Amino acid sequence: MDAVVSAAYAQLISLGLLWITFHCAGMCGPLVLGLDLGGCTRGANVGRVGAHLAAYQLGRATVYALLGALAGLLGRSISDVLQHAAPYFSVVLGLGMILWPLRGHLQRRSDVVTLGQRPLLPRVMTRLVALADGRSIGRSWVLGTIMAGLPCMIVAWALVVAASTRSPLHGALVMLLLVLMTTVPLGSVMMLARMLRLDRVSLLQRIPSLLLPISGVWMLLVAGAALGVVPHVSLGWEWGGRGYVIMFW
């Protein structure tokens, strides 16, 4: 394994470990709880919850591995494009997350964002919940492939890392490693929900107002640091004669 490829894996593991853990637990965790994946909020047995989580993650891995292989194939050209576009994408996404909780007030003043007599988001969420409620493991795999399409700054960053390998194989493996790293926080949140039997309806109502603004501010800080508007914040230390850094934004 050459130095460039080794550096890509090291970057994902060292810089991404803390970010991935807290971000996925705070954002993706409540999403799978709201969808009650594998019956986790209804106290389903551990084996069922674990099987559905594995199928869900495999669905995400399928999509991410293909994207990673494509990024690795295109190499430096796609890496440069993603690096320049990611901060601006992050600004748009961050503002959307901050403003989203205001949607109820805006919907009362306008019918522009409705489809028929029901808002669009509840219609989509109803379909996803119905898909997640299925007993088939295959449905959780399909759900994972769908949820892989959600815009995520971590995924965009990981694709930049995958592109830096300039290898379809290693590009795919970088994205598979990303999915593996998200499995622990997601599994921890789901098992906690299983033990506490959290109310998924309440979660669906509270996710936007409680969590999205926090992640939105985080996204803006990441974008601002990338654009040089705000200073980078990181934690560095030495261990075994080598230096390590965790980048917060």
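Quantities reported herein were computed from a predicted structural model and do not represent experimental measurements. (Residues numbered from 1 in each chain as written. Predicted model: local features only at pLDDT ≥ 70, side-chain atom pairs only at ≥ 80, totals over all residues. Heavy atoms only, no water.)

Draft legend 1. Looking closely at the overall build of the protein chain. Secondary structure assignment for the protein chain yields 11 helices and 4 strands. Relative to its 249 residues, the protein chain shows a buried fraction of 40%. If you take every contact in the protein chain between residues at least 6 apart in sequence, the share linking residues at least 24 apart comes to 77%. Of the roughly 13,300 Å² of accessible surface on the protein chain, 70% is carried by carbon and sulfur atoms. (Helix = DSSP H or I, 4+ residues; strand = E, 2+ residues; numbered from the N terminus. Buried < 20%, exposed > 50% of the residue type's maximum accessible area, 1.4 Å probe, protein only. Contact = heavy atoms within 4.5 Å. Areas by Shrake-Rupley, 256 points an atom, 1.4 Å probe, with all protein chains shown as cover.)

Draft legend 2. Looking closely at the side chain of H170. Following the sequence through the fold, H170 ends up in helix α9 (residues 168–196). Taking the relative accessible area as the measure of exposure, H170 reaches 19% and is therefore buried. Reaching out from H170, the side chain makes a polar contact with the side chain of Y9 at a distance of 2.9 Å. (Polar contact = N/O pair within 3.5 Å; in protein donor to acceptor, adjacent residues only side chain to side chain.)

Draft legend 3. Just the side chain of R60, in detail. Counting through the fold element by element, R60 comes out in helix α3 (residues 46–74). Relative accessible area serves as the criterion here: at 6%, R60 is assigned to the buried category. Here Q57 takes part through its side chain, which lies 2.7 Å from a polar atom of the side chain of R60. Once residues lying within four places of it in the same chain are set aside, the contact partners of R60 are G144, T145, A148, V179, T182 and L186.

Draft legend 4. Local environment of unusual backbone geometry. One non-glycine residue with positive phi stands out, namely R166, at about 55°. Considering the arrangement of structural elements, one finds R166 in the loop between α8 (153–164) and α9.

Draft legend 5. Seen up close, the nonpolar core. Ranked by size, the top nonpolar core spans 25 residues in total, and within it L12, I20, Y64, V155, V174, M175 and L178 carry the most contacts. At the level of secondary structure, the elements contributing two or more residues to this core comprise α1 (3–26), α3, α8 and α9. Residue contributions to this core peak at 8 residues, all from α8. Those residues in contact with V155 that lie beyond four places of it in its chain are Y64, M175 and L178. Within the second largest apolar cluster, 15 residues are counted, among which are L35, L37, A44 and V49. (Core = buried A, V, L, I, M, F, W, Y, C linked by side-chain atoms within 4.5 Å.)

Draft legend 6. Summary view of α3. For α3, spanning 29 residues, the distance from its first C-alpha to its last is 41 Å, which sits close to the expected 42 Å at 1.5 Å a residue. Its side-chain oxygen placed 3.2 Å from the backbone nitrogen of G47, N45 serves as the N-cap of α3. (Expected span 1.5 Å × (residues − 1).)

Draft legend 7. Just the packing of α3 against helix α7 (residues 137–147), in detail. As a packed pair, α3 and α7 sit with axes 7 Å apart at the nearest point and diverge in direction by 40°. Considering the angle they form, α3 stands oblique to α7. As for how α3 packs across α7, the hand of that crossing is right-handed. Every residue of α7 that contacts α3 at A51, H52, A55, Y56, L58, G59, R60, T62 and V63 is listed here: I137, S140, W141, L143, G144, T145 and M147. Split by residue class, the contact of α3 with α7 holds 9 nonpolar, 6 polar and 1 charged. (Axes fitted to C-alpha atoms, helices over the stretch in contact; angles between N-to-C directions. Parallel < 35°, antiparallel > 145°, perpendicular 65-115°, else oblique. Left-handed = near helix turned anticlockwise from the far one by under 90°. Nonpolar A, V, L, I, M, F, W, Y, C, P; charged D, E, K, R; others polar.)

Draft legend 8. Representation of the confidence of the model for the protein chain within the structure. Overall, the prediction assigns the protein chain a mean pLDDT of 76, with 71% of residues at 70 or greater. Mean pLDDT values for the elements of the protein chain range from 42 in strand β1 (residues 114–115) up to 93 in α3. Low pLDDT, under 50, characterises residues 108–118; the predicted model gives this stretch 9 contacts beyond four residues in sequence or across chains. (pLDDT = per-residue confidence, 0-100.)

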